[in-house]
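Overview (structure and organization)
Residue strings, one per chain:
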Amino acid sequence: QVQLVESGGGLVQAGDSLRLSCAASGRTFSMYTMGWFRQAPGKGREFVAGITGISASTNYADSVKGRFTISRDNAKNTLSLQMNSLKREDTAVYLCAAADSRGIPSNRIQYNYWGQGTQVTVSS
């Protein structure tokens, strides 16, 4: 079982940067594909980025490609999301999730474990 705790959210202005972190418990962190999702008020949970366990292959939603970077440190059981050039439409609760998968699913159903989320608010 994996427990996930996000941190690093906050209130920033458009164009600013923010770095989110996700601390994972358990000794099998490297075996899981990890993902970041986000959920804005009144909207569904949206895939943002994902990274595989060992090879650290990555995939991004088109809306964040070129602005966000996902990374992981398997030795420290941590997942990160570097967010640059933030836009108002990036405002959402950001959640990290773990999937028992070799690929990088973008469907939330395929993720087994979730954190509680951290709020990111981007003002203009």
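The preceding data block contains the structure.
All of these numbers come straight from a predicted model, not from anything done at the bench.

Describing the state of the cysteines
The full count for this structure, using the stated rule, is 1 disulfide. Here cysteine 22 engages in a disulfide with cysteine 96; their sulfurs sit 2.0 Å apart. Looking along the S-S bond of the cysteine 22-cysteine 96 disulfide, the torsion reads about 50°, which is the right-handed sense. Within this pair, whereas cysteine 22 is found in strand β3 (residues 18-24), its partner cysteine 96 is found in strand β9 (residues 92-99), the two being separated by 74 residues in sequence. With a relative accessible area of 1%, cysteine 22 lands in the buried category.

Points about the nonpolar core
Trp36, Leu79, Leu81, Met83 and Tyr94 are the most contacted members of the largest nonpolar core, which has 29 residues in total. Of all the secondary structure elements, the ones that give two or more residues to this core are β3, β4 (33-39), β5 (45-51), β7 (68-73), β8 (78-83), β9 and β11 (118-123). Counting residues in each nonpolar core, the second largest holds 5 residues, with Phe37, Phe47, Ala99 and Tyr111 among its members.

Rules used throughout
Residues numbered from 1 in each chain as written. Predicted model: local features only at pLDDT ≥ 70, side-chain atom pairs only at ≥ 80, totals over all residues. Heavy atoms only, no water. Disulfide = S-S within 2.5 Å. Helix = DSSP H or I, 4+ residues; strand = E, 2+ residues; numbered from the N terminus. Buried < 20%, exposed > 50% of the residue type's maximum accessible area, 1.4 Å probe, protein only. Core = buried A, V, L, I, M, F, W, Y, C linked by side-chain atoms within 4.5 Å.

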